[in-house]
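The residues making up each chain are set out below.
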Amino acid sequence: MRPRFLLSLLLLGLAGLGKGRCFEFVIDGEWEDEQAPGLREVRTRHERAAVLTSEEQEDFEAIRGDDITVKSYKVESRITSRFAHTTVRSSVVNSGSKAQTIGFNVQIPKRAFITNFTMNVNGITFMGSVKEKTVARNLYAQARAKGKAAGIVRANSQEMETFKTEVHVPPGSNIEFELHYQEMMQRRLGSYQHTLHLQPGRLVPHFQVDVYIYEPNGIALLETSNDLGQKFANLVTMTKSPEKAHVVFKPNLQQQRKCDNCTQSAIDGALTVKYDVKRDSNAGELQVSDGHFVHFFAPSNMSPLPKNIVFVIDVSGSMWGVKMKQTVEAMRAILDDLAFDDQFSIIDFNHNVRCWSEDLVPGSSIQIADAKKYIENIKPSGGTNINEALMKAIQILLRASSQGLIDPRSVSMIILVSDGDPTVGEIKLSAIQKNVKKVMRDDFSLFSLGIGFDVDYDFLERMAMENRGIAQRIFANHDAAEQLRTFYRQVSNPLLRKIAVQFPEDSVSDVTQNQFDKYFGGSELVVAGKVKPSDSDTLTSFTTASGALLDITLETEVDTSELDEALAKQQHSFTGFARQMWAYMSIKQMMGERTLAPTAAKKRKITQRILALATEHQFVTPLTALLVESEDSTERLLADSPKDPKQGCCSGSGMGGGSRLLPPVKMVYQPPPWVQMSTPAPPSHAIKGPEEWALPSRVNLVDNDPHFIVHLPRSNMDVCFNIDSQPGHILNLVSDRGAGVAVNGRLISGKKPVNGRDKTYFGLISVHYRPAGISVAVGTDGVALADGVNRHNFTWAATAEIVQDGVRISIVKDSQVTVSIGGEIQVMVLLHRVWKKHPVNVDFLGVYLPNDNRYSPRVHGLIGQFSREPEVHISNIHDGADPLKMEATMEVKGNKLQVTRGWQKDYRRDKRRGSDIYCWFVHNSGKGFIDGHFGAYIVPDLDAFLSLEERSPPQ
């Protein structure tokens, strides 16, 4: 008797829009006759594999049926720094009296790479290994020629991709399956989503799902949801610490039942874990582990860039009905989302091309209402002229640009929505692709949305990737409108352009794409690579970008051994995540590069690189296969992944933060003049980071309680005074109406009085530049830049440099901020951190202003007035009450003052101990040394100028 064993393995995916893949294995095996002596040995192996605990045995017996019994179904995901390793295990018994087919289903994300599959059939183990596809097929063919195995591969293009295993086995057989896959979490609309589709098919004595998350910077958001039904709503438990989370779903047998007395399982659906991470700064998060680095960049609190959008909508006959209805519904919502400073137009096409407007128009309510009426009246008919429609869209953008109607800092994009291949005009796909590439400018992007499966998605994807955009498939079902709206939300909030992430020369190698055309809010840019051996124990990255009104340089530094030490202490972290993530990103990127390869030779070269990386890291890709072999290699199965030309090249490329799936490329734009960059800039070369302000030897400063120290260069003398004001008061330090600059500081107090007196410090320093309408507020918790319309926030957690309208802000991590205005006036603000549990002291700021600041003649303020140095004479120096402090008489501004010789601190070079500055101390809040009473320097708000300066200053 020689029954046939059938194992059908179908690999499809979840949420992406890439290529479906399915594998079918046919295994021929021999079962000995029941009277044959070898059968007893097989049964013995099976019995050992089927051992259960006593409690599980009771459950097992309770649900044991006449056909198939699932003993266990376990899913475990370990997510470390946005990279997930998922294992699905199931143990099944043929509890019937006859040979039969046993099925097992689970769904995996399309973007995931399978890394291994093993199975055990009655003690015979089959192990998987990833090999080059031709090698795997040859080995498989050899086994098949011996009559030991046979297999076929078929394509599938369903939305939900399924891993399906079916084994035809004799009664009493025990089968165990174990599947491993890995994927990088993509941030979309502000969070990461990890979805597990659960389909045990039967009641299970031991059913459990565990999701472990470890994020070194901390977890900011953690939520779960499921579509399993209301009865499971409260069965998912979450435990969370600052950096770790554990999600458990473990329903017992009774909870799994469809009804109280049912024998069927109610579990058939998705469990989703949604989370986001804490971000200390907009500079990004740099992690180093296992000799590899990953840099995550997801800034927020930035003003969006204006958009110029041309919507190109297919209205051919195939769009009739639901497709057109859903498209119109989505466009109504998309048009409502446009801002007034956005510009747009609409093109609809079939065999002809029509424009709602030949020019870009602003997103005003009148224009939006008119555009809605236009699209609502569209009646689909005719053929599909994609080439002419795209040429017309590009012409609209080019004309607006040549006429100076496009803001150079805005984002220009074409969004194409189509459901079919071209049938009119130019129908050759390669020619259309070439035409679009030829006329598209480097600062325009093309986003392609393919509706349904009739469209050649591979063509749309190539065209988008080649023109700084992405493609996405829209499934033609009841929620197609929501799919369109969701896609638009992902690209509707551009925050930065021309982003480059670079590193010091010779510190890294094999860097993935490190230059990006744009960054969309809610997404994330990721760069990975290898860390070169070095004597240094730190790695630094430099990120440059252009925003709506500003240019920024951000610096991030990390200890190269810190994360590995932390991972070693984490029981459930995914060891080696950085190495696997780098390989995963590199392969995805090279698959896109391979699609766009201009020559066959170039394509072969890229193919070899993909094969080498995929086999080294054990990823099943379109170019590799999983060969599953018995222990003696006499029986082999082949897991293949053929290319479906309608499905695209890269198995669901996704958003990627607005990046292209291309290798690192030379910059196609001119960096701002303040960026010092290698020429040309390969991935391993770096720009120069923010330069520290060269510390002038002599400054006027306000530090500690707050102590004012004024340096008088002509007299080569330092004069000190305190201001005894109240917490909450705002003191003017510099008021220069001529230069349009005001520097003010808000006072804060300590936690409690000392000797009955409140100590006061500066807790917030504001530098206001009126000609540009810019205010920089430096606080102990961060730095804010406001221009009257927009506000950008930066923390102390990273070194950064921001330039806008002549104002340059340099932040040195956890240390100081320097604000430079037109190269004429500089203000340094020093951060003082104190022990959080200190009973009295609080964090505060010190202010340092160079003597050579170039103010106008109208300058005044507690510090500004001394840009005109007064005549000061010191006489009658004698011992004071304190033998360590001399006393003297100071003649200044017609006043004779009794002063004391003491010292104060300059903390610029040594923040902990400071440098001693000896000065003559003026008592009574500087009375007689400053103009007027100190109360005249209290202003109503942080951007205020003094009224005091309107009178003629003393001569």
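Residues numbered from 1 in each chain as written. Predicted model: local features only at pLDDT ≥ 70, side-chain atom pairs only at ≥ 80, totals over all residues. Heavy atoms only, no water.

## Here we look at the pairing of strand β36 (residues 717–722)
On a regular strand, one side chain projects to one face of the sheet and the next to the other, so that they alternate.
(1) Moving on: Most of β36 is tucked away: 6 of the 6 residues are buried.
(2) Moving on: Of the two faces of β36, the one carrying Met717, Val719 and Phe721 and the one carrying Asp718, Cys720 and Asn722 are both buried.
(3) Moving on: The sheet contact formed by strand β35 (residues 707–712) and β36 spans 6 bridges and is antiparallel. Paired with phenylalanine 708 across the bridge in β36 is phenylalanine 721.
(4) Moving on: Count of turn residues in the β35/β36 antiparallel hairpin: 4 residues, of which asparagine 716 carries a positive phi of about 45°. (Buried < 20%, exposed > 50% of the residue type's maximum accessible area, 1.4 Å probe, protein only. Helix = DSSP H or I, 4+ residues; strand = E, 2+ residues; numbered from the N terminus. Pairing = 2+ DSSP bridges.)

## Re the packing of helix α5 (residues 322–336) against helix α10 (residues 480–491)
(1) Moving on: Put simply, α5 and α10 touch, their axes get as near as 8 Å, and they point 35° apart. For the crossing formed where α5 meets α10, the hand is right-handed. Touching Gln326, Thr327, Glu329, Ala330, Ala333 and Ile334 of α5 are Ala480, Ala481, Leu484, Arg485 and Tyr488, all from α10.
(2) Moving on: Per-class residue counts for the contact of α5 with α10 are 7 nonpolar, 2 polar and 2 charged. (Axes fitted to C-alpha atoms, helices over the stretch in contact; angles between N-to-C directions. Left-handed = near helix turned anticlockwise from the far one by under 90°. Contact = heavy atoms within 4.5 Å. Nonpolar A, V, L, I, M, F, W, Y, C, P; charged D, E, K, R; others polar.)

## Quick look at a negative patch on the surface
(1) Moving on: Together, Asp290, Glu562, Asp564 and Glu565 make up a negatively charged patch on the protein surface.
(2) Moving on: When you line up the elements, aspartate 564 lands in helix α11 (residues 562–568). (Patch = residues over 30% accessible without salt bridge, like charges linked within 9 Å, V, L, I, M, F, W, Y side chains within 5 Å. Areas by Shrake-Rupley, 256 points an atom, 1.4 Å probe, with all protein chains shown as cover. Salt bridge = Lys/Arg side-chain N within 4 Å of Asp/Glu carboxyl O. Lys, Arg positive; Asp, Glu negative; His and termini not counted. Charge placed at Lys NZ, Arg CZ, Asp CG, Glu CD.)

## Things to note about the environment of glycine 317
(1) Moving on: Looking at the secondary structure, you find glycine 317 in the loop between β19 (307–314) and α5.
(2) Moving on: As a C-alpha pair, glycine 317 and histidine 351 span 34 residues in sequence and 9.8 Å in three-dimensional space.
(3) Moving on: Those residues in contact with glycine 317 that lie beyond four places of it in its chain are Pro380, Ser381 and Gly382.

## What to know about the pattern of salt bridges
(1) Moving on: This model, assessed by the stated rule, comprises 31 salt bridges.
(2) Moving on: With a closest N to O distance of 3.1 Å, arginine 279 and aspartate 276 form a salt bridge.
(3) Moving on: Taking the relative accessible area as the measure of exposure, arginine 279 reaches 26% and is therefore partly exposed.
(4) Moving on: Taking the shortest distance from any N to any O, the salt bridge between aspartate 419 and lysine 323 comes out at 2.9 Å. Of this pair, aspartate 419 sits in the loop between β23 (411–418) and α8 (429–439) while lysine 323 is found in helix α5, placing the two residues 96 residues apart along the sequence.
(5) Moving on: A residue is classified by how much of its surface remains accessible, and aspartate 419, at 1% relative accessible area, is buried.
(6) Moving on: One salt-bridge network, in which partners are shared between bridges, spans Arg82, Arg187, Glu215, Asp276, Arg279, Glu285 and Glu524.

## Points about the state of the cysteines
(1) Moving on: Counted according to the given criterion, the structure contains 2 disulfides.
(2) Moving on: Disulfide partner of cysteine 259: cysteine 262, at an S-S distance of 1.7 Å. An S-S torsion of about 90° defines the bridge between cysteine 259 and cysteine 262 as right-handed.
(3) Moving on: Its relative accessible area of 15% is what places cysteine 262 among the buried residues. (Disulfide = S-S within 2.5 Å.)

## Considerations on the pairing of strand β7 (residues 124–132)
(1) Moving on: Pairing of strand β6 (residues 113–121) with β7 involves 3 bridges; the strand directions are antiparallel. Bridge pairing in β7 links valine 121 to isoleucine 124.

## Notes on the packing of α8 against helix α9 (residues 457–466)
(1) Moving on: Where α8 contacts α9, the two axes come as close as 10 Å, and the packing angle between them is 20°. For the element pair α8 / α9, the angle class is roughly parallel. Viewed along their axes, α8 and α9 form a crossing whose handedness is right-handed. Facing α8, whose interface residues are Leu429, Ile432, Gln433, Val436 and Lys437, α9 presents Phe459, Arg462, Met463 and Glu466.
(2) Moving on: Across the contact of α8 with α9, the residue classes break down as 5 nonpolar, 1 polar and 3 charged. (Parallel < 35°, antiparallel > 145°, perpendicular 65-115°, else oblique.)

## Considerations on the nonpolar core
(1) Moving on: The biggest cluster of nonpolar side chains holds 89 residues, and the ones touching the most others in it are Met890 and Phe929.
(2) Moving on: A per-element tally of this core places strand β39 (residues 760–769) first, with 5 residues.
(3) Moving on: The residues touching phenylalanine 929, leaving out its near neighbours within four places in the chain, are Val710, Val719, Phe721, Gln865, Phe866, Met890, Val892, Lys893, Leu897 and Val922.
(4) Moving on: Residues Tyr192, Phe207, Val209 and Leu271 belong to the second largest nonpolar core, which totals 49 residues. (Core = buried A, V, L, I, M, F, W, Y, C linked by side-chain atoms within 4.5 Å.)

## Concerning unusual backbone geometry
Both trends apply: most residues other than glycine have a negative phi, and most peptide bonds are in trans.
(1) Moving on: Phi at lysine 498 is positive, roughly 50°, even though this residue is not glycine.
(2) Moving on: When you line up the elements, lysine 498 lands in strand β26 (residues 494–502).
(3) Moving on: Lysine 498 gets classed as partly exposed once you look at its relative accessible area, which sits at 24%.
(4) Moving on: Located in the positive-phi region is aspartate 814, a residue other than glycine, with phi close to 50°.
(5) Moving on: Position of aspartate 814 among the secondary structure elements: in the loop between β44 (807–812) and β45 (816–821).

## Things to note about the confidence of the model for the protein chain
(1) Moving on: In this model, the protein chain carries a mean pLDDT of 81, and residues with pLDDT of at least 70 account for 82%.
(2) Moving on: When the criterion is pLDDT under 50, residues 642–693 qualifies, and its contacts beyond four places in sequence or with other chains add up to 173 contacts.
(3) Moving on: Predicted confidence is poor over residues 950–955, with pLDDT under 50, and the contacts of this stretch with residues over four places away or in other chains come to 6 contacts. (pLDDT = per-residue confidence, 0-100.)

## Some thoughts on the side chain of serine 541
(1) Moving on: Among the structural elements, serine 541 can be located in strand β30 (residues 538–546).
(2) Moving on: Not counting residues up to four positions away in its chain, the partners in contact with serine 541 are Leu286, His295, Gln502, Phe503, Leu554, Glu555 and Thr556.

## What to know about the packing of aromatic side chains
(1) Moving on: Per the counting criterion, the structure on display carries 19 aromatic pairs.
(2) Moving on: On the basis of an interplanar angle of 15° and a centroid distance of 6.4 Å, the ring pair of phenylalanine 117 and phenylalanine 177 is categorised as stacked. Here phenylalanine 117 is found in strand β6, whereas its partner phenylalanine 177 is found in strand β10 (residues 174–184), with 60 residues between them in sequence. As far as the burial class goes, phenylalanine 117 and phenylalanine 177 line up, both buried.
(3) Moving on: With a centroid separation of 6.4 Å and 45° between ring planes, the pair formed by phenylalanine 311 and tyrosine 488 is classed as tilted. In this pair, phenylalanine 311 is assigned in strand β19 and tyrosine 488 in helix α10, connecting sequence segments 177 residues apart. Judged on exposure class, the residue phenylalanine 311 and its partner tyrosine 488 are both buried.
(4) Moving on: Pairwise contacts between aromatic rings join Tyr73, Phe207, Phe232 and Phe249 into one cluster. (Phe/Tyr/Trp six-rings, centres within 6.5 Å; stacked < 30°, edge-to-face > 60°.)

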